[in-house]
Amino acid sequence: MLAYIVRRLLYAVPILIGVNLLTFLLFFVVNTPDDMARMQLGMKRVSEEAITNWKQERGYDKPVIYNAEAEGVERFTETIFFQHSVRLFVFDFGRSDSGRDIGHDIAERMWPSLAIALPTFVIGILVNITFALLMVFFRATYVDLWGVVLCVILMSISGLFYIIGGQYLVGKVLHLVPISGYDDGINAIKFVILPVLIGVISGIGSGTRWYRTIFLEESGKDYVRTARAKGLSELQVLFRHVLRNALIPILTGAVVVLPLLFMGSLIMESFFGIPGLGSYTIDAINGQDFAIVRAMVFLGSVLYILGLLLTDISYTLVDPRIRLQ
Amino acid sequence: MSPLSARKGIFMLLGLLVALGGFYAGAMAFTGAKPVLLWTDALVYVLVVAIVGFVLYARSREHLRDPWRQVFRRRLGLASLVVLLAYVFIGLLDSVHFRTAVDTGEGERPAAYAGEVLSVLDLVLTPLRESSEKTYSAPFATHSFAKETVEYPDGSRARIYPRLRHGGAHLADPEREHAADILAKLAWGSLLGLIIWVLLVLPLVAWLARRWRMSWNVALGRIFRGRCDIPWWVVLLTLAVLCLLLGLALVLAPHYHVFGTDKVGEDVFYQSLKSIRTGLVIGTLTTLIMLPFAVLLGISAGYFRGWVDDVIQYLYTTLNSIPGVLLIAAAVLMLQVYMANHPELFETDAQRADLRLFFLCVILGITSWTGLCRMLRGEALKLREVDYVQAATAFGVRHGRIIGRHIQPNVMHIVLISVVLDFSGLVLAEAVLSYVGVGVDPTMYSWGNLINGARLEMAREPMVWWSLLAAFVFMFVLVLAANLFADAVRDAFDPRLRKQ
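Predicted model only: the values in this text are computed from it and were never measured.

Rules used in this analysis
- Residues numbered from 1 in each chain as written.
- Chains lettered and ligands numbered in written order.
- Predicted model: local features only at pLDDT ≥ 70, side-chain atom pairs only at ≥ 80, totals over all residues.
- Heavy atoms only, no water.
- Helix = DSSP H or I, 4+ residues; strand = E, 2+ residues; numbered from the N terminus.
- Rg over C-alpha atoms; globule rule 2.2 N^0.38 Å.
- Buried < 20%, exposed > 50% of the residue type's maximum accessible area, 1.4 Å probe, protein only.
- Contact = heavy atoms within 4.5 Å.
- Areas by Shrake-Rupley, 256 points an atom, 1.4 Å probe, with all protein chains shown as cover.
- Lys, Arg positive; Asp, Glu negative; His and termini not counted.
- Charge placed at Lys NZ, Arg CZ, Asp CG, Glu CD.
- 1 Å grid on protein atoms, 1.4 Å probe; cavity = no way out; pocket = protein on both sides within 12 Å on 5 of 7 lines; lining within 4 Å.
- Points joined across faces, edges and corners; volume = space filled by probe spheres on them.
- Nonpolar A, V, L, I, M, F, W, Y, C, P; charged D, E, K, R; others polar.
- Domains from an automatic or database assignment.
- Buried area = accessible area lost by both parts, 1.4 Å probe.
- Salt bridge = Lys/Arg side-chain N within 4 Å of Asp/Glu carboxyl O.
- Polar contact = N/O pair within 3.5 Å; in protein donor to acceptor, adjacent residues only side chain to side chain.
- Pairing = 2+ DSSP bridges.
- pLDDT = per-residue confidence, 0-100.
- Expected span 1.5 Å × (residues − 1).
- Bend = angle between axes of the 7 residues up to and from the residue.

**Concerning the overall build of chain A**
- Across its full length, chain A carries 14 helices and zero strands.
- What you see in chain A, going N to C, is helices and strands ordered as α-α-α-α-α-α-α-α-α-α-α-α-α-α.
- On C-alpha atoms alone, chain A measures out to a radius of gyration of 25 Å, which is more than a quarter above the 20 Å that the 2.2 N^0.38 rule sets for 325 residues.
- Along the first, second and third principal axes, the C-alpha set of chain A runs to 85 × 60 × 35 Å.
- Within chain A, buried positions represent 48% of all 325 residues.
- Sequence separation of at least 24 residues holds for 68% of the intrachain contacts in chain A that already meet a minimum separation of 6.
- For chain A, the accessible surface area stands at approximately 16600 Å², while carbon and sulfur atoms represent 65% of it.

Below, the structure written as structure tokens:
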């Protein structure tokens, strides 16, 4: 087991190097730092001095990959590639283009993101599985048919409309909770309820349909027929046999996204004014803060790879047939 | 259908294309306009030719015809196909661009062209395009949404809701005539819709009657009793709904702002119609661009295995491990910088916006090919062990030929299903990306931009809701139709589902 985990972690290294090279290419080779400076400072008639200043403040004034002027190891360390890309491997995100410490910001903004994303995720899965089980219980009846139709209709509505509609209805017409904002500690609850509710509702369509397919596939198998044949009630079959066996594909989908919950939801957080990592990213995009976007890309891939690893480990926990070697 | 008639079909297609092109060129020469071929236009044409070619190819092959017939037999699948075709029709009208000539006043042939790039759809919608107000106005309103200070001839001033320049301008006394006028127009619109419907349906019924060798009466009876293989009554019914909407729009839109106006007074109905092309382009071109890579790499990974497999797997795992939105955001940010630094690449604003749309498709394609590639790799791994492929290998058939003859035709159903399933997701993604600020150009008409513009007015009292409504209705209908159609296609083509 331990050997497997170590090997998987080692396997992640070339992928992270790939991600790093890709972002490096995207951010420093497609456009030179000069281009970025000009973009940030306004396009028209920027003096050379201003550009040089801008680059110096952010450490973009060094050569890209190889520094011929330096001595020894510094030929490779005193470069943009080393200073801005290689350092990401030890989670040293450096400073944002506006001068703030990115690592500190991330650590601070992670928690509000999690406060929204985790409840949305857990409640969402429970609700979807409940609905899917109901539909499978009533399969081949009108409940199932109209359930599927409703799911397709819910799926066809853009997520933006769920948010706008929910904010309007709950926040503005009913005045139950504040429309947006955030607070620390226990006071956060009244700000969290609405985003979580909307997040759960907007996911019902596709989620329920997906779980229904899994359950249906499982309930067509031979062991289910055997279970029915030996006289188990339909409820017992569903909960004791179908649900437990269907947990394996459900886990694959769920565990992968678990670490990514830290990143929060871009849209949700910006609509509700929650100071999490999602709105951090949006602000960075709108403010064209390249350093933050770069850091978030790297962080996102690290969390994704972590999710893949967790998925493999969770397989062994739920499915005794699978052994990792 | 014999190969001979397939060839005849191709010649007919070519003839039609030449005729259309000739007509277009003639119209351009006559009006003195300059045709503009945008990047996405060209790709849209390529896509249309590819689809028509595929239809001609599939017609003569029973194994391809059969699943499609199954799609058409599904009532919901057929209805959604008709709706999708209506959207595609509008999108295609909006994909023929030109710049009108500007009279330079020198008497000679004008050499200057307007900076504005128009499409055929713009020509059709000229009354809508030019009927702009000062600012917001509600749907069917005759008065502005905001109060304005008006100075009367006698020098006195008052803050009132002024009359709109175009919305309901034909009414002498809006308070009294407004409701009656709208009702009358509704009635006229329905009647017009009915007439259009009859005109559309007549040739269809005539064609069916000839095909079935029946008289019209019998054919009509057969259609409406549902006695034929394909439920044609669904087509007629869907067409009726669409024609009714068209008739209403034709009568109402020139006199009222059906969906109101936006902040700068532009008609929202016009904007929503223009957004159709953007949505369709993102939904289709993205897959068109990524398809060759996904198919080629996926099949080679599974077929050749060894180091080829390792390299391709590494490639898509790396791309896949970056969260999609972030990769898109990073790429679009860089694109913005590049475009800001190279303004010499495009002549007009429309060309710049179009290039950005094109690159957005490319970027979306890069982030979305990995799933299909992985599926194809798995399928190719299975197929290479199949007897007929083993036999071909033993006979010494070259790899390229085995892939082309044996592997590729056997994975095409996966490709088709994933293309159709991806479409609706991409249309929805466009709205979200435009909201985040990394979508299409802000000057381009798109549902995402429409929502984004309206969102800022949410806090206003009373609320400006019509832009949201328009974007919602247009997107919802398209995505719903696409989802239903995708379900029908998946059920017909997926061998696992067909057995049941």
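Anyway, onward from the coordinates.
**Things to note about the overall build of chain B**
- Scanning chain B for helices and strands turns up 18 helices and five strands.
- Seen through its principal axes, chain B has C-alpha atoms that stretch 100 × 65 × 55 Å.
- Out of the 500 residues in chain B, the part that is buried amounts to 47%.
- Residue pairs at least 24 apart in sequence account for 71% of intrachain contacts in chain B once pairs closer than 6 positions are excluded.
- Just so you have it, chain B exposes about 25200 Å², and 66% of that area is on carbon and sulfur atoms.
- Between the centroid of the 46 positive side chains of chain B and the centroid of its 39 negative side chains there is a distance of 13 Å.

**Observations concerning empty space enclosed by the protein**
Residues and elements named next belong to chain B.
- Inspection of every chain in the model, using the stated rule, returns one cavity of 30 Å³ or more.
- Of the volumes computed, that of the largest cavity is approximately 30 Å³.
- Lining the largest cavity are Ser131, His166, Gly167, Ala253, Pro254, His255, Tyr256, His257 and Asp267.
- Classifying every residue of the lining of the largest cavity by side-chain character gives three nonpolar, five polar and one charged.

**Some points on the environment of A:Leu145**
- Inspection of the secondary structure puts A:Leu145 in helix α7 (residues 142-155).
- Residues A:Leu145 and A:Leu21, 124 residues apart in the sequence, show an inter-C-alpha distance of 49 Å.

**Thoughts on the domain arrangement of chain A**
Residues and elements named next belong to chain A.
- Parsing chain A into structural domains produces domain 1 (2-90) and domain 2 (105-324).
- A straight line from the C-alpha centre of domain 1 to that of domain 2 covers 36 Å.
- Listed as interface residues are 19 residues of domain 1 and, on the opposing side, 18 residues of domain 2.
- Roughly 1700 Å² is buried in total at the junction of domain 1 and domain 2, and carbon and sulfur atoms are behind 76% of that figure.
- Of all residues in domain 1, Tyr4, Phe27 and Leu88 bury the most surface against domain 2, accounting for 30% of the area lost on that side.
- In this structure, the connection of domain 1 to domain 2 is made through one salt bridge.
- The closest approach of N and O atoms between Arg8 and Asp312, which form a salt bridge, is 2.2 Å.
- Summed over the shared surface of domain 1 and domain 2, the number is two residue pairs in polar contact (both at pLDDT 80 or more).

**Quick look at the pattern of salt bridges**
- All chains considered together, the criterion is met by 20 salt bridges over all chains.
- Here B:Glu62 and B:Arg69 are joined by a salt bridge, their closest N and O atoms 3.7 Å apart.
- Taking relative accessible area as the criterion, B:Glu62 reaches 46% and is therefore assigned partly exposed.
- You can call B:Arg69 partly exposed: its relative accessible area is 22%.
- The shortest N-O distance in the salt bridge between B:Lys274 and B:Asp94 comes to 3.0 Å. Remark: B:Asp94 occurs in the loop between α4 (75-93) and β2 (97-99) and B:Lys274 occurs in helix α10 (residues 268-304); sequence separation between them is 180 residues.
- The exposure class of B:Asp94 is buried, given its relative accessible area of 2%.
- Taken together, the salt bridges that share partners define one network made up of A:Arg209, B:Arg74, B:Asp487, B:Arg490 and B:Asp491.

**So, the sheet that holds strand β3 (residues 118-119) of chain B**
Residues and elements named next belong to chain B.
- Read from one edge to the other, the open sheet built from three strands follows the order β1-β2-β3, with strand pairing classed as antiparallel. Where the open sheet ends on each side, the last strands, each with one partner, are β1 (34-36) and β3.
- As defined by bridge partners, β2 adjoins β3 across two bridges and the pair is classed as antiparallel. Residue Phe98 lies in a different strand from β3, and its bridge partner there is Leu118.

**Side note on the confidence of the model for chain B**
- On average, residues of chain B carry a pLDDT of 84, and 95% of them reach 70 or more.
- Here the prediction assigns the complex a pTM of 0.89, and the interface score ipTM is 0.86.

**Considerations on the pairing of strand β4 (residues 148-151) of chain B**
Residues and elements named next belong to chain B.
- Sheet topology places β4 next to strand β5 (residues 157-160); four bridges connect them, and they run antiparallel. In the sheet register, Glu148 faces β5, and the bridge partner there is Ile160.
- Connecting β4 to the next strand, β5, in antiparallel fashion are five residues, including Gly155 with a positive phi near 100°.

**Points about the side chain of A:Arg209**
- One can find A:Arg209 in helix α9 (residues 189-219).
- We classify A:Arg209 as buried; its relative accessible area is 16%.
- If near-sequence neighbours (up to four positions away) are discounted, A:Arg209 is found in contact with A:Val148, A:Cys151, A:Val152, A:Met155, B:Asp487 and B:Arg490.

**Details of the domain arrangement of chain B**
- As assigned here, chain B comprises domain 1 (133-168), domain 2 (171-252) and domain 3 (267-499).
- Distance from the C-alpha centre of domain 2 of chain B to the C-alpha centre of domain 3 of chain B: 35 Å.

**Overview of the interface of chain A and chain B**
- Chain A puts 47 residues into the contact, and the matching count from chain B is 47 residues.
- Regarding the contact of chain A and chain B, the summed buried area is about 4100 Å², with carbon and sulfur atoms giving 76% of it.
- A per-residue breakdown of the area chain A buries against chain B is headed by A:Ser156, A:Phe161 and A:Ile285, which together make up 14% of the total.
- Put simply, A:Arg209 and B:Asp487 hold a salt bridge, and the shortest N to O gap is 2.6 Å.
- Counting every contact that joins chain A to chain B gives six residue pairs in polar contact (both at pLDDT 80 or more).
- Ranked by the residues each element gives to the side of chain A that touches chain B, the list is headed by helix α14 (residues 290-318) of chain A, at eight residues.

**A closer look at helix α16 (residues 447-455) of chain B**
- Of all the nine residues making up α16(B), seven are buried; the element is thus mostly covered by neighbouring parts of the structure.
- The set of residues buried in α16(B) consists of B:Trp447, B:Gly448, B:Asn449, B:Leu450, B:Ile451, B:Asn452 and B:Ala454.
- Taken together, the buried residues of α16(B) touch α8 (159-173) of chain A together with α4, α10, α15 (399-436) and α17 (466-493) of chain B.

**A few points about α10(B)**
All names here are of chain B.
- With 37 residues, α10 should cover 54 Å at 1.5 Å per step; its first-to-last C-alpha distance of 54 Å lies within 8% of that length.
- At Met290, α10 shows its strongest bend, of approximately 40°, with the proline Pro292 following within four residues.
- Counting buried residues along α10, 29 of its 37 residues qualify, which places the element largely inside the surrounding structure.
- One or two steps after α10, the chain reaches Arg305, where phi turns positive at roughly 50°.

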